[in-house]
Amino acid sequence: MSQLILPKDYKSVLNPLETQRAIKKVKDYFQDELAYGLHLRRVSAPLFVRPETGLNDNLNGVERRVSFTLKDMDEAQVEVVQSLAKWKRNALGKYGIKPGNGIYTDMNAIRRDEELDNLHSIYVDQWDWEKVMNKEDRTTEYLHETVETIYNAVKNLGDYVNRLYHDVQTELPNEIYFITSQELEDLYPDKTPKEREDLICRDHGAVFIEKIGGPLKSGEKHDGRSPDYDDWELNGDIILWNDVLDRAFEISSMGIRVDAEAMDRQLKIADAEDRRSKPFHQAVLNNELPYSIGGGIGQSRLCMFFLRKAHIGEVQASVWPDDMIVECRKHGIFLL
């Protein structure tokens, strides 16, 4: 069992049945706010893809994907998606979406190698979104504007939950704080990346850490990123301070997507040039796909944060180690 945080004297304000009703309210409200703010339209998305397309997310490149074969397709192999980062950009071109507009979908994934704790489950549920942009908008300024739009939707959700449940109150700062991963390392050179996130987030409440994926001056990465969807110079994570768990709490990973130049550069850095021949990568390298910005926003993460839960298993049904279930129950944490 991974490290488990057991808050002292924890007691959920909402019982399991009330929590189920609240989860639906949170999800319905936020997706409408997100769609309105970013001009998105909901679309259907796959649960699995063919591996040879290159559409599955490689995450950090070490996670094993769940796969199986299909009887009626001559035992062709398919993989359960790990995210829809690349599939969405392909879909923008298929649907003919114009700049300034985009799509979002409910993404469900299985990540079999996840280390299970308060925040991590093998079942992942998030809103995956993607928006078409003009080439000249591939700038830090445009990235920041998009982050602020998402953060406003998060703030509006917090106000909504606070009105619904007077005993469940969460306060967020009016503005989100921006800092690059290198600036963060310079600020706390003797700390690990996760310790840096805790320190900066405790101070500011809501932070966007930029430029994630490439090596820092120390030679280490702040965090891993697949080289073929985000431009490492134009991406980042939205992180909130979670006072229930007393730690930084990531709710979104997002960024402006690679163009041909960024794809070429990052595949070399990541020693992943074998991917160049896959259809998705060829489409990017040949400038056949729209320029876009996109990301994922954790559904259970948002529910957990605003309903003030101590464990993600309180807001999603998954599987957990027996010893974790026992420990959680001893400390008032009811896993669904």
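Residues numbered from 1 in each chain as written. Predicted model: local features only at pLDDT ≥ 70, side-chain atom pairs only at ≥ 80, totals over all residues. Heavy atoms only, no water.

Draft legend 1. Molecular detail of the overall build of the protein chain. Helix and strand content of the protein chain: nine helices and eleven strands. Principal-axis analysis of the C-alpha atoms gives the protein chain an extent of 55 × 50 × 40 Å. Buried residues in the protein chain amount to 53% of all 336 residues. Within the protein chain, contacts between residues at least 6 apart in sequence are counted, and of these 73% link residues at least 24 apart. If you sum the accessible surface of the protein chain, you get close to 15700 Å²; carbon and sulfur atoms cover 47% of it. Taking the average location of the 44 positive side-chain charges in the protein chain and that of its 59 negative ones, the two points are 4 Å from each other. (Helix = DSSP H or I, 4+ residues; strand = E, 2+ residues; numbered from the N terminus. Buried < 20%, exposed > 50% of the residue type's maximum accessible area, 1.4 Å probe, protein only. Contact = heavy atoms within 4.5 Å. Areas by Shrake-Rupley, 256 points an atom, 1.4 Å probe, with all protein chains shown as cover. Lys, Arg positive; Asp, Glu negative; His and termini not counted. Charge placed at Lys NZ, Arg CZ, Asp CG, Glu CD.)

Draft legend 2. Region of interest: the packing of aromatic side chains. The final tally for this structure, using the stated rule, is six aromatic pairs. Taking the centre distance of 5.1 Å and the plane angle of 45° together, the rings of Phe 30 and Trp 127 count as tilted. Residue Phe 30 is found in helix 1 (residues 16–38), and its partner Trp 127 is found in strand 6 (residues 123–132); the two are separated by 97 residues along the sequence. Residue class for Phe 30 comes out buried when judged on its relative accessible area of 0%. Relative to Phe 208, the ring of Phe 178 lies with its centre 5.8 Å away and its plane at 70°, an arrangement referred to as edge-to-face. (Phe/Tyr/Trp six-rings, centres within 6.5 Å; stacked < 30°, edge-to-face > 60°.)

Draft legend 3. Expanded view of the packing of helix 1 against helix 3 (residues 140–164). Packing of helix 1 against helix 3 leaves a shortest axis separation of 9 Å and a crossing angle of 150°. When the axes of helix 1 and helix 3 are compared, the pair comes out roughly antiparallel. In the crossing of helix 1 with helix 3, the sense of the turn from one axis to the other is right-handed. Residues Lys 25, Val 26, Tyr 29, Phe 30, Glu 33, Leu 34, Gly 37 and Leu 38 of helix 1 pack against Thr 146, Thr 149, Ile 150, Ala 153, Val 154, Asn 156, Leu 157, Tyr 160, Val 161 and Leu 164 of helix 3. Along the lines of polarity and charge, the residues of the contact of helix 1 with helix 3 split into twelve nonpolar, four polar and two charged. (Axes fitted to C-alpha atoms, helices over the stretch in contact; angles between N-to-C directions. Parallel < 35°, antiparallel > 145°, perpendicular 65-115°, else oblique. Left-handed = near helix turned anticlockwise from the far one by under 90°. Nonpolar A, V, L, I, M, F, W, Y, C, P; charged D, E, K, R; others polar.)

Draft legend 4. Looking closely at the side chain of Ser 181. Its place among the elements puts Ser 181 in helix 4 (residues 181–187). When its relative accessible area of 2% is taken as the criterion, Ser 181 is described as buried.

Draft legend 5. Looking closely at the pairing of strand 11 (residues 292–298). With seven of seven residues buried, strand 11 lies mostly within the body of the structure. Residues Ser 292, Gly 294, Gly 296 and Gly 298 point to one face of strand 11 and Ile 293, Gly 295 and Ile 297 to the other, with burial holding for every one of them. Pairing geometry for strand 6 and strand 11, over seven bridges, is antiparallel. Within the sheet, the bridge partner assigned to Val 132 lies in strand 11 and is Ser 292. Here strand 10 (residues 247–257) pairs with strand 11 via five bridges, running antiparallel. When the sheet's bridge partners are listed, Ser 252 is paired in strand 11 with Ile 297. (Pairing = 2+ DSSP bridges.)

Draft legend 6. Molecular detail of the sheet that holds strand 11. Sheet architecture is open: eight strands sit in the order 1-5-6-11-10-9-8-7, paired in mixed fashion. The open sheet has two free edges, formed respectively by strand 1 (40–42) and strand 7 (177–180), since each of these has just one partner strand. Going from strand to strand, the sheet's axes swing by 25° on average, the running direction of each strand aside. The sheet strands contacting helix 5 (residues 193–204) are strand 7, strand 8 (206–210), strand 9 (230–242) and strand 10, and the helix crosses strand 9 at an angle near 60°.

Draft legend 7. Geometry of the sheet that holds strand 4 (residues 76–80). In space, the three strands of this open sheet follow the order 2-4-3, with antiparallel pairing throughout. In this open sheet, the two strands that pair with only one neighbour each are strand 2 (48–49) and strand 3 (67–70). Alignment of strand 3 against strand 4, held across four bridges, turns out to be antiparallel. Following the sheet pairing, Phe 68 is matched in strand 4 by Val 78.

Draft legend 8. Examining the side chain of Asp 230 more closely. Mapped onto the elements, Asp 230 comes out in strand 9. There is a polar contact of 2.4 Å between the side chain of Asp 230 and the side chain of Arg 257. (Polar contact = N/O pair within 3.5 Å; in protein donor to acceptor, adjacent residues only side chain to side chain.)

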